Amino acid sequence: MITFFEICFEISGAVCVFLLSQLYVIKMCVVKLWASAFGGEIKSISAKYSGSQLLQKKYKELEKSVRVEEIDGMKVVKNLSKKMEEMFRKKKEAIRRLVEAAEEAHLQHEENPELQYEYFNAVLINEVDEEGNNVELGGEFVLEPNEHFNNLSVNLSLSVVQVPTNMYNKDPAIVNGVYWSEALNKVFVDNFEKDPSLIWQYFGSAKGFFRQYPGVKWHPDEHGVIAFDCRNRKWYIQAATSPKDVVILVDVSGSMKGLRLTIARQTVSSILDTLGDDDFFNIIAYNQEIHYVEPCLNGTLVRADRNNKAHFREHLDKLFAKGIGLLGDALTEAFTILSDFNQTGHGSVCSQAIMLVTDGATQMYDDVFAKFNWPDRKVRIFPYLIGRESAFADNMKWMACANKGYFSQISTLADVQENVMRYLHVMSRPKVIDHEHDTVWTEAYMDSTGSIIKGPSLMTTVAMPVFSTKNETVSLCGILLGVVGTDIPLQELMKIIPKHLLGIHGYAFAITNNGYILTHPDLRPLYQKGQKRRKPNYSSVDLSEVEWEDKDDFLRNAMVNRKTGTFSMEVKKTVDKGKRLLKMHNDYYYTEVKGTPFSVGVALSRGHGKFFFRGNVSVEAGLHDLEQPDVALADEWTYCNTDEYYEHRSLSQIQAIKLYLTGRKPLIKCDRELIQEVLFDAVVTAPLEAYWTGLALNKSENSDKGVEIAYLGTRTGLSRTNLFVVQEDLSNQDFLTAEDKEGVFNADHFPLWYKRAAEQVPGTFVYSIPFGGNENKSVVLASTAIQLLDDRKSPIVASVGIQMNLNFFQRKFWTASRQCAALDGKCTISCDNEDIKCYLIDNNGFILVTEDYSQTGEFFGEVEAAVMTKLLLIGSFKRINLYDYQALCREYAGSSDSGHCLSHPFSIVKWLLTELVMFLLEFNLYSWWHVDLSVKGQGKTMLVPCDTEYPAFVSERTIKETTGNIDCEGCVRSFVIQQIPSSNLFMVVVDNKCDCSSTLPVSMDPIEIMYILVKLKFQKDRKRPESCHPFHPEENAMECGGAAGLSAPLTGALLSLLATLFTR
């Protein structure tokens, strides 16, 4: 038995170390020889076929004529803010014109209860009866596919009207509203002509109908129902009312058993639907005791974001009825909460309301109101009488009338929605009387269809209320006619971001007044890319959840408070589906977007990311090289604005640049600076076309077709590609196509191969196997960065690379591993030997080459746990913990966390209910046709939002080679790790004589972070909307309910009370 020892001796001038375990010897010098042979061979291939040396030479030749400039981040963000402000201003002007037209049309209209008017009903258009005749309200309506509207068939001359299924199409109030609002058609068309970037424009009526332009056909669901009601949408609610603090009181006394409690739950849920991110709430259930629905949140209010509302909905299902109801105690608790919370300054600091859901009140509780609410009546009371009995209607209506509220009786589930909505019009009265046309902007939400090609897209809505201007209505109770709005795809914002100035790792982002992300490259709103399934909380992702290294929320809070400034911090950015890590230092610049509740920021990475270069070539030379067939420009970058004029919309960006440079009219608007630089890049990179063509034509080169594609990209978004094999023979057909999102330039990031190459030592290649399906595992990508100057201030001007067939790449490795220094050529050791295992891994620990092909692409720590553990221990690799606050975790369907207050801040109601709530809360014009109600979970599990912690692994650059020994239950196992020269790769040779399978795998699996309520209760900084209209002295409080009139004694008591209050 040979015991462990070390022997050192000289071979060819190098020290060779023998590591003897029990029966076998691994020579470090041999491994170094293999690594050197493979590294030299693979770099030679990569450099030759990519043309990296030629391109570096071409940029060097022009070095003296190129001017390097440091990017002024503050100037960039301020210019971006101005462009966003101008874009939003145009949308705001469009809806203001709609407001003016609507109010004028209503002013000129006289209500006619006998009016008969045929209009285009969105559901009935182009429908025919059994005899082939157009159905009523459904005449012939011309529809044509339009690319600007995601290829939907639309009518650009007319709008259509949608009426909720539960409303009568020919109700006189509907018909009159539809009639006078026809005047909006001309304004819709004029707006679109003035601003061709506009998409959907609409008017949501307080009567319930919805007028939409351009006209498009709506389709009911499989039950023949369209539940869409514009008055439920956030843009409508935000525009109609001011921010509010709300306490919901739910009667759970014994009389509420059965159907009444079911109706009560639905009523509370519908009230929650009407609350938005600027509102605050809590729910109290009462009988002879006070029960907070969420016991851990007693005595306070929480923001009405989607997560909080979903959590409270879960608790509604746990309510049960018993005992007697002491309403006086519940009212006292509600008033106390509202008063105390208002004094903290954390709530809306605007309107306040108590929603009372009960089957009756035996008295009027005037003593409670006198103590807490009179004479100012700042808290409105909205009683909802559950059930058909009217014995207590007088008392409850009196409460509403005496406290500027509104009384409703709800007898069935079908009555819930319409009755709940009435309180919004009462809350809107002060704003209507003040005639304040406040502009509101929603948070980002998902257009669930998007384009067939581009997929779902995020958007925001700008909306404005429409009031009656008739003299007899202004001074009474104020009449809200409805709300107008238009959608703004956030892709439009991406088009104005100067990506070439932000650099390889730089990006722009924007947030709302609540700190929620409007746009950010790390926002992941979908369950999986390419799917339409939205995460339940996608629209309320906070900036602190993606810029999580800012532990003190300095950046977030400064932007929420609309400040202008800078901030710096070390960041850890993941790429390649979150499996690889890039560490860098970011400088942030931020400012407000005037006229909106948004703030915008840009992030620039220090080093090469802070510098840009300017070169100059003739227009003729630049255009000549730009128009070559191997050239493409970043599809989502804006070199020229092709949206402004209809005749420009079919132009490619290269065609638009040519039009711009030749000066033909109508003149097209372009980024002159960017075009100058892209022409420069076209000229400098042009020699590679001939170089690659020469290689492809040389039959002696690449005879085994191991190299398949050569490609390059420049900082201006220009790319060139060359195929060395025919398209059909490509091992990975998706690479460099629109399907390969991370491999191409897009609106918010550079290609992955460009980003990774930029962080390697200049002159080295970075190799990787793409993550994905089996097809991706069949290739190896190699890329290197082209640096303009030989110093730290040099920008990375380009990156070049190749795609190789994996089998070709692996053959080169196995061939190199059979070499040795023996004079007779007989090697005593090679990777073919059964006593050792050889691996080729990258700097993040992923396997590129191994004897077991199925392990290709796997993480080394899951295959060789003992070796990876030792590498981490000796510092060859580092483990870095990361956090994902947009993660999804599997949860058993039907599981419930009843053992404690809250196991997770983002726990949600079961998916189907959540998706329904999302649909009711937000509006997008396609969602009714394409809403996805498929079951999320497979088997007994479902995906739910969660927070996770997960590791990433990176090699230590300073350690090029090392050896190690592992004690596996008394058996000593040795290994050698050696860096492959000029690459990010490492060869690992492991003694195969010991069984170390008992070592736990080094896993990359995420671990869910569990909380105890802290996040739900903690309120982050927010900026309140500037406008607030809580009450108005001229408001007519007698318009306070829909039940039969009050009895004479109660009417007298109320009038007496009101007279007393007004004289105080």
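Numbering of residues starts from 1 in every chain and runs along the sequence as written. Reporting of local features is limited, given that this is a predicted model, to residues whose pLDDT is at least 70; pairs of side-chain atoms are given and counted only at 80 or more, and all residues count toward the totals for whole chains, interfaces and linings. To get the side-chain values, take all heavy atoms of the structure and skip hydrogens and water.

To keep things clear, this is the line we draw: UniProt positions are given in the numbering used here, feature names are shortened, and annotations may be inferred rather than shown by experiment.
An unreviewed UniProt entry annotates the protein chain as Calcium channel, voltage dependent, alpha2/delta subunit 3 of Oncorhynchus kisutch. Database annotation for the protein chain, UniProt heading Subcellular location (unreviewed entry): "Membrane". Word for word, the UniProt comment on the protein chain under Sequence similarities (unreviewed entry) is "Belongs to the calcium channel subunit alpha-2/delta family."

1. Some words on the nonpolar core
Note the threshold: To form a nonpolar core, buried Ala, Val, Leu, Ile, Met, Phe, Trp, Tyr and Cys residues must be joined to one another through side-chain atoms within 4.5 Å. Remark: exposure states derive from per-residue accessible area (1.4 Å probe, protein chains only) relative to the maximum for the residue type, with buried under 20%, exposed over 50%, and partly exposed in between. In what follows, residue pairs with any heavy atoms lying within 4.5 Å of each other are defined as contacts.
With 111 residues, the main nonpolar core has Met84 and Tyr588 as its most contacted residues. The residues contacting Tyr588, other than those within four sequence positions of it, are Tyr507, Phe509, Glu547, Leu555, Gly565, Thr566, Phe567, Met569, Val571, Val602 and Ala603. The next biggest cluster of nonpolar side chains, apart from the first, holds 91 residues, and it includes Val678, Phe680, Val766 and Ile769.

2. So, the environment of Glu759
Quick reminder of the rule: Helix and strand definitions follow DSSP, with helices as H or I runs of at least four residues and strands as E runs of at least two, each counted in order from the N terminus.
Note that Glu759 resides in the loop between helix H22 (752-758) and strand E31 (766-768). Between the C-alpha atoms of Glu759 and Leu582, which are 177 residues apart in sequence, the distance is 7.8 Å. Sequence-distant contacts of Glu759, that is, excluding residues within four places in its chain, are made with His505, Leu582, His608 and Arg957.

3. With respect to the side chain of Ser955
Mapped onto the fold, Ser955 is located in strand E37 (residues 941-955). Ser955 gets classed as buried once you look at its relative accessible area, which sits at 15%.

4. What about unusual backbone geometry?
Put simply, Tyr213 and Pro214 share a cis peptide bond, and its omega is -5°. Within the secondary structure, Pro214 sits in the loop between strand E9 (210-213) and strand E10 (215-216). Cis geometry is adopted by the peptide bond preceding Pro375, which originates at Trp374 and carries an omega value of 5°. Within the fold, Pro375 resides in the loop between helix H10 (366-372) and strand E16 (379-386). Residues other than glycine seldom take positive phi values, yet Leu137 does so here, at roughly 65°. According to the relative accessible area criterion, Leu137 is buried, its value standing at 3%. Even without being a glycine, Ser982 presents a positive backbone phi close to 60°. Residue placement: Ser982 occurs in the loop between strand E39 (971-979) and strand E40 (985-991).

5. Side note on the sheet that holds E40
To keep it simple, the criterion reads: Two strands pair under a simple rule: DSSP has to find at least two bridges between them. The axes are straight lines fitted to the C-alpha atoms, using for helices just the contacting stretch, and the angles between their N-to-C directions are given from 0 to 180°.
The 5 strands are arranged E35-E34-E40-E39-E38 in an open sheet whose pairing can be described as antiparallel. Edge positions in the open sheet fall to strand E35 (847-849) and strand E38 (961-968), since each of these has one partner strand only. In this sheet, neighbouring strand axes are inclined to one another by 30° on average, regardless of whether the strands run parallel or antiparallel. As judged from the 8 bridges shared by E38 and E39, these two strands associate in the antiparallel manner.

6. Let's talk about the sheet that holds strand E28 (residues 631-633)
Across the sheet, 6 strands lie side by side as E28-E30-E29-E33-E32-E31; this open sheet has antiparallel pairing. Strands with a single pairing partner mark the edges of an open sheet, and in this sheet they are E28 and E31. If you compare each strand with its neighbour and ignore which way they point, the axes differ by 20° on average. Relative to strand E32 (residues 779-787), E31 is paired through 3 bridges, and the arrangement is antiparallel. Directly across from Tyr767, in E32, lies its bridge partner Ala782. Helix H1 (residues 28-50) contacts strand E29 (707-714), E31, E32 and strand E33 (796-805) of the sheet and is inclined by roughly 115° relative to E33. Where helix H2 (residues 52-61) meets the sheet, its contacts fall on E29, E32 and E33, and the angle it forms with E32 comes to roughly 15°.

7. A short note on the state of the cysteines
Think of a disulfide as a covalent bridge from one cysteine sulfur atom to another cysteine sulfur atom. Where we set the bar: Note that a disulfide, as used here, is simply two cysteine sulfur atoms within 2.5 Å.
Enumeration over the complete set of coordinates arrives at 7 disulfides. The disulfide partner of Cys971 is Cys994, and the S-S distance across this bridge is 1.8 Å. Since a negative S-S torsion denotes a left-handed disulfide, the Cys971-Cys994 link at about -70° is left-handed. Of the two residues, Cys971 sits in strand E39 while Cys994 sits in the loop between E40 and strand E41 (1007-1008), which places them 23 residues apart along the sequence. Assessed through its relative accessible area of 14%, Cys971 is described here as buried.

8. With respect to the packing of helix H3 (residues 73-108) against helix H5 (residues 184-194)
Let me state the cut-off plainly: Relative orientations are named as follows: roughly parallel for angles under 35 degrees, roughly antiparallel for angles over 145 degrees, roughly perpendicular for angles from 65 to 115 degrees, and oblique for any other angle. With the far helix as reference, a near helix turned anticlockwise by less than a right angle produces a left-handed crossing, and one turned clockwise produces a right-handed crossing. Polar here means any residue other than Ala, Val, Leu, Ile, Met, Phe, Trp, Tyr, Cys and Pro, which are nonpolar, and Asp, Glu, Lys and Arg, which are charged; Gly is therefore polar.
At their nearest, the axes of H3 and H5 sit 10 Å apart, and the two run at 165° to each other. When the axis of H3 is compared with that of H5, the two are roughly antiparallel. Seen from above, H3 lies across H5 with right-handed handedness. Together, Ala94, Arg97, Leu98, Ala101 and Ala102 of H3 and Leu184, Val187, Phe188, Asn191 and Lys194 of H5 make up the contact between the two elements. In terms of residue class, the contact of H3 with H5 is made up of 7 nonpolar, 1 polar and 2 charged.

9. Remarks on the pattern of salt bridges
For the record, the criterion: The salt bridge definition used is simple: a Lys or Arg side-chain nitrogen within 4 Å of an Asp or Glu carboxyl oxygen.
Evaluated as defined, the whole model comprises 42 salt bridges. Taken together, the shared-partner salt bridges in this structure form one network comprising Arg67, Glu69, Arg614 and Glu673.

10. Describing the confidence of the model for the protein chain
The following threshold applies: By definition, pLDDT measures how confident the predictor is in each residue, and it falls between 0 and 100.
Confidence along the protein chain averages 85 in pLDDT terms, with 86% of residues attaining 70 or more. Counting contacts from residues 1-24, a segment whose pLDDT is below 50, to residues more than four positions away or on other chains yields 56 contacts. Counted against residues more than four places away or in other chains, residues 448-455, with its pLDDT under 50, gives 16 contacts.

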